[in-house]
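In case you want the letters, here they are:
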Amino acid sequence: MTTLSAPRPAVSTPQGCTNLKLRQLSRAVTRHYDAYVAPLGLKNTQYSLLSHVVKLGPLRPGDLARRMRLEASTLTRNLQPLLAQGWLTLGPGDDARSRLVDATDTGRAKRAEAQRAWKQAQIALNERLGAERVAALHMLIDDCLERLDGTGDDSDE
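What comes next concerns the included structure. (Residues numbered from 1 in each chain as written. Predicted model: local features only at pLDDT ≥ 70, side-chain atom pairs only at ≥ 80, totals over all residues. Heavy atoms only, no water.)

### Some words on unusual backbone geometry
This is how it is decided: Each helix is a run of H or I in the DSSP string that is no shorter than four residues. Each strand is a run of E no shorter than two, and both are numbered from the N terminus. Burial classification: accessible surface area is computed with a 1.4 Å probe over protein chains only, and a residue below 20% of its type maximum counts as buried, one above 50% as exposed, and the rest as partly exposed.
In this chain, glycine 57 is followed by proline 58 through a cis amide linkage whose omega measures -5°. By secondary structure assignment, the location of proline 58 is in the loop between α2 (44-56) and α3 (61-68). In this structure, arginine 69 takes a positive phi of about 60° despite not being glycine. Classification of arginine 69 as partly exposed rests on a relative accessible area of 35%.

### Some points on the side chain of serine 98
Inclusion rule: Distance and chemistry together define a polar contact, namely a pair of N or O atoms within 3.5 Å, with one atom able to donate a hydrogen and the other to accept it when in protein, and with adjacent residues in sequence counting only for side-chain atoms on both sides. Contacts: residue pairs with any heavy atoms within 4.5 Å of one another.
As for its position among the elements, serine 98 is in the loop between β1 (88-92) and β2 (99-103). At 3.0 Å, the side chain of serine 98 forms a polar contact with the backbone nitrogen of aspartate 94. Filtering out sequence-adjacent residues up to four positions away, serine 98 remains in contact with Gly91, Pro92 and Gly93.

### A closer look at the side chain of lysine 110
Structurally, lysine 110 is set in helix α5 (residues 105-129). With relative accessibility at 14%, the residue lysine 110 sits in the buried group. A distance of 2.8 Å separates a polar atom in the side chain of lysine 110 from the backbone oxygen of leucine 40. Excluding its chain neighbours within four sequence positions, the residues that come into contact with lysine 110 are Leu40, Leu42, Leu50 and Trp87.

### Quick look at the environment of leucine 79
Note that leucine 79 resides in helix α4 (residues 72-84). Placed eleven residues apart in sequence, leucine 79 and leucine 90 show a C-alpha to C-alpha distance of 9.2 Å. Non-local contacts of leucine 79, meaning those with residues more than four positions away in its chain, are made with Leu49, Leu88 and Val101.

### Description of the pairing of β2
Keep this limit in mind: We treat two strands as partners when DSSP finds at least two bridges between them.
Inspection of the sheet shows β1 paired to β2 by five bridges, in the antiparallel sense. The residue of β2 that forms the bridge with leucine 88 is alanine 103. Between β1 and the antiparallel strand that follows it, β2, lie six residues.

Read these as layout, nothing more, since geometry by itself doesn't imply function.
Right, dumping it as structure tokens:
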């Protein structure tokens with residue numbers, strides 16, 4: 001005997017903790033992308049940081065943190081492995097107090113290599129979730145960000 005499941009009722013009010021649900025989704029998506037860039041010696045967060053510097057650099061760490069929506073301390077911590085690998089440099093800025101982050105030639109090559117892996121991760125995610133669902137998610141995220149902090153997404157990986 002086969003029983004049919006009743007259709008799920010439309011939920012008009014959120015159920016559960018939005019923060020928890022977003023963090024769970026974020027961790028799952030991060031694991032997905034990390035699986036693709038890890039063989040290249042990168043974490044997803046490092047690839048993102050390297051990509052931003054390649055596209056925007058040289059730039060001041062504070063400007064980079066704002067563009068990436070990171071706290072300055074988080075940026076400083078995340079820069080360290082990339083500086084140690086020689087993929088990024090932190091050099092003098094316009095005056096004695098300022099510094100500039102820039103990508104080295106090795107860093108640009110690593111970013112190009114990792115970008116291919118990132119694109120494969122994106123294709124696989126689109127296939128798994130469905131491109132329409134991913135596009136709708138992007139629109140919803142951008143709208144929520146704009147409503148929460150007055151800015152939309154200003155970068156592509």
